[in-house]
Amino acid sequence: MDAKLLDKLSKRKKEGTFRSLTLVDSTIDFFSNDYLGFARDNVIEKFEGYLSGATGSRLLSGNSSEADNCERFLANHFNVESSLVFNSGYSANLSLLSTIPQRGDTILYDELVHASIRDGIRLSFANSVSFKHNDLTDLNTKLNALDGVIYVVVESLYSMNGDVSPLKEIVEICTDNAAFLIVDEAHSVGVFGKKGVGLIQELNLESLVFARVITFGKAYGFHGAAIVGSKDLVEFLVNFARPFIYTTALPPQDYKTINYLLNSSLIATKQESLLKTITYFRKELTDVSRYPSDLRSPIQIIETNTIKSTIELAERLKKNGIFTKPIFSPTVTQGKECIRVCLHSFNTKVEIDFLKELIN
Ligand SMILES: Cc1ncc(COP(=O)(O)O)c(C=O)c1O
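Cut-offs and rules
Residues numbered from 1 in each chain as written. Predicted model: local features only at pLDDT ≥ 70, side-chain atom pairs only at ≥ 80, totals over all residues. Buried ≥ 20, exposed ≤ 12 C-beta atoms within 10 Å, placed from the backbone. Helix = DSSP H or I, 4+ residues; strand = E, 2+ residues; numbered from the N terminus. Arc of directions from axis to C-beta. Near = placed C-beta within 6 Å. Nonpolar A, V, L, I, M, F, W, Y, C, P; charged D, E, K, R; others polar. Axes fitted to C-alpha atoms, helices over the stretch in contact; angles between N-to-C directions. Parallel < 35°, antiparallel > 145°, perpendicular 65-115°, else oblique. Contact = placed C-beta atoms within 7 Å. Pairing = 2+ DSSP bridges.

Restricting attention to buried positions, one finds in helix H5 (residues 115-123) the residues Ser 116, Ile 117, Gly 120 and Ile 121. For H5, the arc enclosing every buried residue in end-on projection is 145°, short of the 170-degree limit, so these residues lie on one face. Seen from the buried face of H5, the exposed residues on the opposite side, beyond 90 degrees, are Ala 115 and Arg 122.

As structure tokens, this is what we get:
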């Protein structure tokens, strides 16, 4: 391999940021996005009699009545005109951001948005500028300084720090400035709202949002994603979104599984159990954890504040069968290093007590 590439790899090793694929042998899950435990429940029905592969892209041989039914169901479930399923949240965001904002338009995005949104922005011909995380004043100032067509992009629940967006205010600001609002609900569907419809619908804001990204690989424990919005939006994506057009579709039974999971009668009880876990965690670990902007956030942060103590704690937890995500700068500013803990409907008080014991 070219020496430049080898240099880059060895630099990572020296810095301690080298990534490798490891088999996670975690006995206690404070790590995965399986917030409601669907992935471990084995509740997914086996749909027999379907082709095991889609055989082509959606515009060629890969379309199916299962895909069509699923998208109708999703449109109804998320109270919009139309929806389009993607093979992952990554490709949904890549599609949306690279396809919709046009040359001369501007994408104004929260500085903490996910890599898939950033990559979509990089592929877009539109201009782009970030605003400070969850900072309404900065959003307002930047919006006022811009003209032309503007797309504002936020997440409803931020995956790295567990913060919830001030969605009501953001919607109001976008409406006042005639900006199109895009909300990534990857981590909030399933967890929030009746039947897990997410935060935007819980707040009855769906008619004021241009597009929402919904994923099935997190609280639903499956895979795939959807963009939900207007009929025009979906028609545009079907015609111009290259990550949608040039890829093999999901197998037909996957659409059935998505329908099945989103319709599950277990969601309400699972949400209740998750909330109990979060409430117990908040009660027991108040001293060491950051106060989240929404008390119902399944993503909680344990403050460690130095690189050394973050590494030490992560290692101690790992030795005891608990995998967590240590977060260093530049993801967070120096001195704000922390450990990210994901809570689940299936975590027990005993597990949280054990976590507490290892932290103290
Ligand atoms: C906010 C956000 N959006 C999109 C994605 C991508 O979703 P997927 O894992 O389905 O590709 C992620 C994944 O971590 C995410 O955190």
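In the vicinity of the ligand there are 14 residues, among which Ser 88, Gly 89, Tyr 90, His 114 and Ala 186 approach most closely. For the shell around the ligand, the leading source of residues is helix H4 (residues 89-99), giving three residues. Tallied by class, residues from the shell around the ligand come to three nonpolar, nine polar and two charged.

Remark: helix H6 (residues 136-145) packs on helix H7 (residues 167-176), axes separated minimally by 11 Å, with the N-to-C direction vectors making an angle of 10°. The orientation of H6 relative to H7 falls into the category roughly parallel. Only Glu 169, Ile 170 and Ile 173 of H7 make contact with H6, whose side of the interface consists of Leu 136, Leu 139, Asn 140 and Leu 143.

A few words now on the sheet that holds strand E9 (residues 299-303). Spatially, the three strands line up as an open sheet ordered E9-E12-E11, and their pairing is antiparallel. This sheet does not close on itself; its edge strands, each paired only once, are E9 and strand E11 (325-327). Within the sheet, the average angular offset between the axes of one strand and its neighbour, ignoring direction, is 30°. The pairing of E11 with strand E12 (residues 338-342) spans three bridges and is antiparallel. Residue pairing across strands places Lys 325 opposite Arg 340, the latter belonging to E12.

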